[in-house]
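For reference, the chains in residue letters:
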Amino acid sequence: MLSSKSIGRAPLIRNQALLLRSFHQSNLAANNNMHRGGSNSPSKSPSPMYAQMMAQRRTKPPRNTVIKFVPQQEAWVVERMGRFSRILEPGLAILVPVLDRISYTQSLKEVAVEIPTQSAITQDNVTLELDGVLYYKVVDPYKASYGVANAEFSVTQLAQTTMRAEIGQMTLDTTLAERNLLNHNIVNAINAASESWGIACLRYEIRDIHPPAKVVEAMHSQVSAERSKRAQILESEGSRQSAINVAEGAKQAQILASEADKMQQINRAMGEAEAIRQTAQAEATAIERIALAIRGTDGGEMAASLHVAQQYVEAFGNIAKQANTIVVPASANDVAGMVTQAMSVFSTVTANQKRHHKATNKLLDEGDGGFGSEQINH
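Sequence positions are assigned chain by chain, starting from 1 and proceeding in written order. Selection of residues for local features in this predicted model requires a pLDDT of at least 70, selection of side-chain atom pairs for listing and counting requires 80 or more, and totals for whole chains, interfaces and linings are taken over all residues. No hydrogens and no water enter the side-chain calculation; it runs on all heavy atoms of the structure.

**Digging into the overall build of the chain**
When you go through the chain residue by residue, the secondary structure sums to ten helices and eight strands. Remark: exposure states derive from per-residue accessible area (1.4 Å probe, protein chains only) relative to the maximum for the residue type, with buried under 20%, exposed over 50%, and partly exposed in between. Out of the 378 residues belonging to the chain, those deemed buried represent 20%. Contacts are assigned to residue pairs that have any heavy atoms within 4.5 Å of one another. Sequence separation of 24 or more characterises 64% of the internal contacts of the chain that already satisfy a separation of 6 or more. Only the protein chains shown count as cover for residues, and the accessible areas themselves come from Shrake-Rupley with a 1.4 Å probe. Counting only carbon and sulfur atoms, one obtains 57% of the accessible surface of the chain, whose full area is about 27000 Å². The helix and strand labels rest on DSSP assignments: H or I over at least four residues marks a helix, E over at least two residues marks a strand, and numbering proceeds from the N terminus.

**A few points about the sheet that holds strand β2 (residues 74-80)**
We call two strands paired when DSSP finds no fewer than two bridges between them. Spatially, β3-β2-β5 is the arrangement adopted by the three strands of the open sheet, whose pairing is antiparallel. Looking at which strands have only one partner, the edges of the open sheet turn out to be β3 (83-88) and β5 (100-107). This sheet shows a mean twist of 25 degrees between the axes of neighbouring strands, independent of strand direction. Relative to β5, β2 is paired through seven bridges, and the arrangement is antiparallel. Its bridge partner being in β5, W76 is matched across the sheet by T105. Comment: axis = line fitted to C-alpha atoms, over the contacting stretch for helices; angle = value between 0 and 180 degrees taken between N-to-C directions.

**A few points about the side chain of N183**
Here N183 is to be found in helix α6 (residues 179-193). Exposure remark for N183: the relative accessible area of 7% places this residue in the buried category. Any pair of N or O atoms that falls within 3.5 Å is considered a polar contact. Within protein, one atom must be able to donate a hydrogen and the other to accept it, and sequence-neighbouring residues count only if both atoms are side-chain atoms. At 3.4 Å, the side chain of N183 and the backbone nitrogen of I206 are in polar contact. Residues contacting N183, with those up to four places away along its chain left out, are Y204, E205 and I206.

**Observations concerning the sheet that holds strand β7 (residues 127-138)**
With respect to topology, three strands assemble into an open sheet ordered β6-β7-β8, the strand pairing being antiparallel. The strands lining the two open edges of the sheet, one partner per strand, are β6 (110-121) and β8 (199-210). Averaged over all adjacent pairs, the angle separating strand axes in this sheet is 20 degrees, with direction ignored. Relative to β7, β6 is paired through ten bridges, and the arrangement is antiparallel.

**Considering the pattern of salt bridges**
Salt bridges are defined as contacts in which a side-chain nitrogen from Lys or Arg sits within 4 Å of a carboxyl oxygen from Asp or Glu. Under the criterion given, the structure shown has nine salt bridges. One salt bridge connects R101 with E79, and the closest N-O pair in it is separated by 3.1 Å. Placement of the pair is R101 in strand β5 and E79 in strand β2, with a sequence separation of 22 residues. For R101, a relative accessible area of 48% corresponds to the partly exposed category. Taken together, the shared-partner salt bridges connect R80, R86 and D100 into one network.

**Here's the deal with the nonpolar core**
Grouped together as the largest cluster of nonpolar side chains are 27 residues, with contacts concentrated most on L130, L134, I190 and Y204. Of all the elements in the fold, those that place two or more residues in this core are β6, β7, α4 (151-168), α6 and β8. Here the element with the most residues in this core is α4; it accounts for six residues. Those residues in contact with L134 that lie beyond four places of it in its chain are V111, A112, V113, I115, V155, A159, I190, C201, R203 and Y204. Buried Ala, Val, Leu, Ile, Met, Phe, Trp, Tyr and Cys residues form a nonpolar core when they are joined through side-chain atoms within 4.5 Å.

**Structural notes on the packing of α4 against α6**
Packing of α4 against α6 brings their axes to within 9 Å, and their N-to-C directions diverge by 130 degrees. Judged on the interaxial angle alone, α6 and α4 are oblique. For the pair α4 and α6, the crossing hand works out as right-handed. Across from V155, L158, A159, T162, M163, E166 and I167 in α4, the residues of α6 making contact are L182, N185, I186, A189, I190 and A193. The labels follow the angle: roughly parallel below 35 degrees, roughly antiparallel above 145, roughly perpendicular from 65 to 115, and oblique for the rest. Rotating anticlockwise by less than a right angle from the far helix to the near helix defines a left-handed crossing, while the corresponding clockwise rotation defines a right-handed one.

**A closer look at the pairing of β3**
Looking at chain direction, β2 and β3 are connected through five bridges and run antiparallel. Note on β3: the bridge partner recorded for W76 is L88. Here β2 hands over to β3 after two residues, with M81 in that stretch at a positive phi of 55 degrees.

Spelled out as structure tokens, the structure:
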């Protein structure tokens, strides 16, 4: 049977159970709304009363059973008669009954705290919606227990205010481009403020930045204009380089063509010179041999006269074939007279050549004689 005290406490227990159930239902509804809202809608955190109750239930210190085992990565703060006594390290711990009480239990693990979505105004007056994740760790259990009432709530609020202050000193472009610098500044500001709390902020990461819709449209237009500008610049640079390459190619082609023409003319001139040289040498050799044949053969002059007469007749016969105008000598029917005239020309040329040879030989003889007399006198 139940005692009168149990019957008296039954309504109180029932009321607490109903209150806890209502807290659970409100928390589930908030979580469902947060999941249905997506990333664009601001996240709804649980009610402060529910969060405080769950925090108290999680951090509720264990009872004094004289012999306790402290888990790894935890620190238990022990008070004796209401005053701080010592901090229990992981392992076996023995407490004094009635006098000792475990007042606080601090986890030495790294804790990740979600920073709710909040509004912040940049230096160029643009309102942003930001959220992030804070990673902190308890480094001094004594300060974390007696320096602040709720370490997680305090560091969350400090992260929010610090983020607003840092974003207020930066423009929108700087905020979007230099997240690492912003995160570093927030971590330094939190560590400077939470040093007396026994908490060390390890890192802070901005998760999402949501500018206004009009600002996003303007940014997209700016990006499109910038890309169009780059495309036009690249196209003009390509056209310029193409024109330069075409001009350079034409220049090189003209230079090579002129070099080829020059070499061709040089080769042609050298060929013509060599041909003239060979022709002259052949004619000189032929004339020399004809002269030797005329001088050294009996009847050579008669044979030469006959050859000249034949060439004269052939040349006279070819006059009508080469031109329309014909110059006919007065004695065209007198072949013998023409031959006699040709032979007289040949005789005159021969006499002149003989006189020239005699004069040349005389000069050579006089030169040899002078050289000889000088040599004898010497």
